[in-house]
Amino acid sequence: PAARPRGAMSMFGNFGVNLGSVGNLFGASGPRLNYDLGEAYPRAAGGWTHYRATSKEDGSAASVFKFVCNDVHKERVRVEVARNGAKRLKTTRHPNILMLKDSLEVEEGDKLTIYVVTESVMPLEEHLKDLPTSTSQRDEYYALGIRQVATAVSFLANDCALVHGGVSMSTVVVTDRLDWKLAGLDLLSEHAAIGRGTHGPAPLVHAAFSVPDQYKPEEYRRGDWAGIPGGPPWAIDAWGLGCLIQEVYRGGAISRTDQLREVDHIPQVLLKDYQRLLATAPERRYNPKKLVENSNLFSNKLVETITFLDNLTLKDSIEKEQFFRHLPRVMESLAKAPVQRKILPQIGEALVFGSAPALAVSPMLHAAEGLSDDDFAAKVTPTIVKLFAKETSGSKETSSSDKLVRVALMENLSRFAEHLPNKLADETIFPAMSSSFTDEDPFVRELTLKATLVLAPKLTQRTHGNLLKHLSKLQIDPEPPIRANTTILLGNIARYLAEATAKRVLLNAFTRALRDQFPPARKAGLMALCSTVDFYEPGEAAQRVLPAAAPLTVDPEKEVRECAFRCLDMFTDLLKRFSVRVEEQGAEKASEAHKNDAEKAASKANRGGANLGGALAWAVNAAAKRVGGVAPVDEDALAGRARRPEEEAAARGIDMSAKSFGSDAPPPRLYGEAYTPTSTPGTTPAKGGPPGGGRGGVQGVQAGGASHGREVGSSSHVSEEREVDDDGDGWGDMDDDLDLEAEKDARQRLAKLSARPPSTSAVVATNGGMGNGAASSGDGWE
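Residues numbered from 1 in each chain as written. Predicted model: local features only at pLDDT ≥ 70, side-chain atom pairs only at ≥ 80, totals over all residues. Heavy atoms only, no water.

> I'm lost on the overall build of the protein in this one. Help?
Assigned secondary structure in the protein consists of 30 helices and ten strands. For the protein, the proportion of its 782 residues judged to be buried stands at 54%. Residue pairs in contact within the protein that sit at least 24 positions apart in sequence constitute 69% of those at least 6 positions apart. A total of about 34,600 Å² of accessible surface is found on the protein, and carbon and sulfur atoms cover 49% of it. (Helix = DSSP H or I, 4+ residues; strand = E, 2+ residues; numbered from the N terminus. Buried < 20%, exposed > 50% of the residue type's maximum accessible area, 1.4 Å probe, protein only. Contact = heavy atoms within 4.5 Å. Areas by Shrake-Rupley, 256 points an atom, 1.4 Å probe, with all protein chains shown as cover.)

Encoded structure:
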């Protein structure tokens, strides 16, 4: 390139920076801009053109400011001022000043092109055209924006002793998150250097002609450079800030100085401060710092909310808890745009970096309500993934905090599960969540069960196989409510299992539940059998379901007895119709008709009504509400301060002394009720009788009856030796712990309840689910 005249650098001293020298590193072809330029905005400050742009690497949005000079010798002042703007953007960092990403200078002979790449922004003037007029929410938003620009001006003047020299609507841009940022730093100069006038390096002096007179105070307009350093460093920019306020509230740029006297549209709470900013004497102009700190304009919910979030790391735990507890109600009164575009990302970032408590999860999801799937995927899903997969540093405090956040996410899972892609839920969310199945806290284990119900439709068969391994262990959990909820969960995910898996697992699991010593667990098993009636062949129903359910017709608990009778009625009615059809139509057609009848019965049960399935459906809905956060979150439970069972029972009006199970056991409950499980002695299910897998016939039924007769109402402990799973299938040994005395009693009781005991011989229709021929899958359900 041609040598630059010596006068260019001598006039500006050493403030100019030749960014074009970097281009020599790229060889003869020169550097290339790594962004695609889109449509240009109508106006931009100085000699720049503002383009929408996208990155060629990742497609992310950006803004590109382009400066073109066709003759660097004739327009050297413009060139050096543009270079100063690029340099200042690079070296001046502040949350309320436009952030530079990259810069590039290309010289082609006498032609010079400068590219400045920044975060994606749009001119304030264009942004204001899209806002509603004369609303309280709009005025709150204006106050927030003016405060942000005033903060930037205060930073330059009070902290850096710099003068912007061109503050107005044309030098303010708005980000995608609705942050107003100060741009157009071409004239940015040291306050003291302005006093040297044209002999100094201050760009503001040499390019003052580029700023219209209406934006200049008197001393600036007449060029009193020597007198400016005698005034405060904010004097010139305070005037510009007053001009900005006038333009914002009038809805457009001003063209004359006398328009600053028009105050009808200026809010009364701001009028006095506005007039101070435009004081004639420089030393009397209002310091923008005082405007930020003292103006009543900024005493509104939007400004207070965002200011609190900006300073969240400085707040103590009590302040954070109070703030996030009330935040959802506050957001109801705010405009949707700042809530979704500003507050939502702030909460998400605070959660990821650990400065926000777990209580902030619910306000984050509240702020995300109404987002489209694409917006949710861009603004919320990445945060959720990071929170689920967040690795702790190993310290007790950090681990506890992350655990509470995960608990809060599972509590609110139904509020965002619909937005999660199936692949993400299956490969990322569920694997991260499944570690909580083995958590030492019963509350977390039970909550994981409930959350799994929401994700189940999105999981693959392979993941369902892993889930079944967890459920096989949870069905023998020491906590009675967890055992009952496991059965309920399994009954409701049955439709998502492969047919072969369902036939192998369901009957084994549900008949095991019928022998549980916790009454709600037995009831849950009966409910699940009715809900999945269409999964069982007639032979399975006759030889395994009826013998397993019949002993519960004499259960000590009335609800269990009623459920048992309804269950028996449903299955016997289906078997009666099947028997008639066998004689009339033959076994093959009768089997087809039986399947259709069973599907109708299951559908009716799952829809609810006056049958057992209605109770099951009610339990599922209650669980969904609990997981979805509709009910208030139990903060004591989240903080590990769960009440004792006696206190919980008293609060619910339950007399625990009147229950037939152990005195230390929690009150009976079903899936979804607000009881927090605690360690309860004597609740581990006994291993008596076959677990429902592979052993049909009278012996299995009698063993089941013996187990039932021995365990109901008992609070005795089961020894650890008898808890050993000798077969390694997750169900314990099926024969070693049979009580011969109890088995004899069970035989006698069954003989009285039935005209003749169930037979293992004549079975109409083939029952492929009986016997031990199925190959083991290793998931604990054999």
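Once the structure has been displayed, the description carries forward.
> Could you clarify how one ought to interpret the nonpolar core in this entry?
Note that soluble globular proteins tend to have their nonpolar side chains buried in a common cluster. Membership of the largest hydrophobic core comes to 179 residues, with the highest contact counts inside it found for Trp-180 and Phe-324. Per-element accounting of this core gives the leading share, twelve residues, to helix H4 (residues 136–159). In terms of nonpolar packing, the next biggest core, distinct from the first, is built from nine residues, Ala-53, Val-64, Val-106 and Tyr-115 among them. (Core = buried A, V, L, I, M, F, W, Y, C linked by side-chain atoms within 4.5 Å.)

> What am I meant to see in the packing of helix H22 (residues 519–531) against helix H24 (residues 558–585) here?
For any two helices packed against each other, one specifies the inter-axial angle together with the distance between the axes. Packing of H22 against H24 brings their axes to within 9 Å, and their N-to-C directions diverge by 20°. It follows from the interaxial angle that H22 and H24 lie roughly parallel. H24 is crossed by H22, and the crossing has left-handed handedness. Facing H22, whose interface residues are Pro-519, Arg-522, Lys-523, Leu-526, Leu-529 and Cys-530, H24 presents Glu-559, Val-560, Cys-563, Ala-564, Cys-567, Met-570 and Phe-571. (Axes fitted to C-alpha atoms, helices over the stretch in contact; angles between N-to-C directions. Parallel < 35°, antiparallel > 145°, perpendicular 65-115°, else oblique. Left-handed = near helix turned anticlockwise from the far one by under 90°.)

> I would appreciate a short explanation of H22 in the present structure.
Note on helix geometry: an α-helix contains 3.6 residues per turn, so any two residues three or four positions apart are oriented the same way. Here H22 contains 13 residues, and its C-alpha end-to-end distance of 18 Å stays within 8% of the 18 Å for a straight helix at 1.5 Å per residue. In terms of burial, H22 is a largely internal element, 13 of the 13 residues being buried. (Expected span 1.5 Å × (residues − 1).)

> Explain the packing of aromatic side chains to me, please; I cannot follow it from the model alone.
One pair of aromatic rings is described through two measures. These are the centre distance and the angle between the planes. Under the criterion given, the structure shown has nine aromatic pairs. Ring plane angle 55° and centroid distance 5.7 Å describe the contact between Trp-48 and Phe-67, whose orientation is recorded as tilted. A residue pair is termed long-range when its members are at least 10 positions apart, and Trp-48 in strand S2 (residues 48–55) and Phe-67 in strand S3 (residues 61–69) qualify at 19 residues. By relative accessible area, Trp-48 is classed as buried at 10%. (Phe/Tyr/Trp six-rings, centres within 6.5 Å; stacked < 30°, edge-to-face > 60°.)

> Teacher, can you tell me more about the packing of helix H10 (residues 301–310) against helix H11 (residues 317–331) here?
Closest axis-to-axis distance for the H10/H11 pair is 12 Å, and the angle between their directions is 140°. It follows that H10 is oblique to H11 by the angle criterion. Viewed along their axes, H10 and H11 form a crossing whose handedness is left-handed. Note on element contacts: H11 touches H10 through Glu-319, Lys-320, Phe-323, Phe-324, Leu-327 and Val-330, opposite Lys-301, Thr-305, Phe-308 and Leu-309. By residue class, the composition of the contact of H10 with H11 is six nonpolar, one polar and three charged. (Nonpolar A, V, L, I, M, F, W, Y, C, P; charged D, E, K, R; others polar.)

> Is there a simple way to explain the pattern of salt bridges in this structure?
Once their charged atoms are close, side chains differing in charge can pair, the charge on each being opposite to the other. In this structure the tally under the stated criterion is 31 salt bridges. Salt-bridge contacts for Glu-125 lead to Arg-43; the nearest nitrogen and oxygen are separated by 3.0 Å. Highlighted residues: Glu-125 in helix H3 (residues 124–128) and Arg-43 in the loop between strand S1 (35–40) and S2, separated in sequence by 82 residues. We classify Glu-125 as partly exposed; its relative accessible area is 22%. Take Arg-43: its relative accessible area is 44%, and that puts it in the partly exposed class. With a shortest N-O distance of 3.2 Å, Lys-129 and Glu-126 are connected by a salt bridge. The class of Lys-129 is exposed, set by a relative accessible area of 58%. One salt-bridge network, in which partners are shared between bridges, spans Glu-80, Arg-83, Glu-105 and Glu-107. (Salt bridge = Lys/Arg side-chain N within 4 Å of Asp/Glu carboxyl O.)

> What exactly am I supposed to notice about the side chain of His-94 here?
Take His-94: it is sitting in the loop between helix H2 (76–91) and strand S4 (100–108). Polar side-chain contacts of His-94 include one of 3.0 Å to the backbone nitrogen of Asn-96. In this view, His-94 contacts Thr-151, Ala-152 and Phe-155; residues no more than four positions away in its chain are not counted. (Polar contact = N/O pair within 3.5 Å; in protein donor to acceptor, adjacent residues only side chain to side chain.)

> Whenever I open this one, the sheet that holds S2 confuses me. Can you help?
Where strands meet in a sheet, backbone hydrogen bonds hold them as pairs that are either parallel or antiparallel. Read across the sheet, five strands follow the order S1-S2-S3-S5-S4 without closing on themselves; strand pairing throughout is antiparallel. A single partner strand is all that each edge strand has here, and the edge strands are S1 and S4. Recorded for the sheet is a direction-independent mean angle of 30° between the axes of neighbouring strands. Note: S1 against S2, four bridges, orientation antiparallel. Counted as the bridge partner of Leu-37 is Ala-53 from S2. Running over the sheet, H2 touches S2, S3, S4 and strand S5 (111–118) and is turned about 25° from S5. (Pairing = 2+ DSSP bridges.)

> Please explain a negative patch on the surface as it appears in this structure.
Together, Asp-373, Asp-374, Asp-375 and Glu-418 line one region of the surface with negative charge. For Asp-373, the position within the fold is in helix H14 (residues 373–379). (Patch = residues over 30% accessible without salt bridge, like charges linked within 9 Å, V, L, I, M, F, W, Y side chains within 5 Å. Lys, Arg positive; Asp, Glu negative; His and termini not counted. Charge placed at Lys NZ, Arg CZ, Asp CG, Glu CD.)

> Whenever I open this one, the sheet that holds strand S8 (residues 172–175) confuses me. Can you help?
With antiparallel pairing, the three strands of this open sheet are ordered in space as S6-S8-S9. Edge positions in the sheet fall to strand S6 (121–123) and strand S9 (180–182), since each of these pairs with one other strand and no more. Put simply, the sheet's adjacent strands are angled 40° from each other on average, direction ignored. Where S6 meets S8, three bridges bridge the pair, whose relative direction is antiparallel. Across the sheet, the residue bridging to Val-121 is Thr-175, located in S8. On top of the sheet, H4 reaches S8 and S9; it is set at about 25° to S9, its chief contact.

> For this particular structure, what's the right way to read the pairing of S8?
The two faces of a sheet get side chains in turn, since along a regular strand they alternate between them. Both faces of S8 are covered, namely the face carrying Val-172 and Val-174 and the face carrying Val-173 and Thr-175. Pairing of S8 with S9, which is carried by three bridges, proceeds in the antiparallel orientation. The residue bridging Val-172 from the neighbouring strand is Leu-182, located in S9. Connecting the antiparallel pair S8 and S9 is a turn made up of four residues, with Leu-178 showing a positive phi of about 65°.

> Mind showing me how you'd approach helix H8 (residues 268–277) here?
Every buried residue of H8 is accounted for by Leu-270, Leu-271, Asp-273, Tyr-274 and Leu-277. Looking at the packing, one finds that the buried side of H8 touches helix H7 (235–250) and helix H9 (288–294).

> For this particular structure, what's the right way to read unusual backbone geometry?
A negative phi holds for most residues other than glycine; trans holds for most peptide bonds. A positive phi angle, near 55°, is found at Ala-161, a position not held by glycine. Unlike most non-glycine residues, Leu-178 shows phi in positive territory, near 65°. Tracing the backbone through its elements, the reader meets Leu-178 in the loop between S8 and S9. By relative accessible area, which is 6% here, Leu-178 ends up buried.

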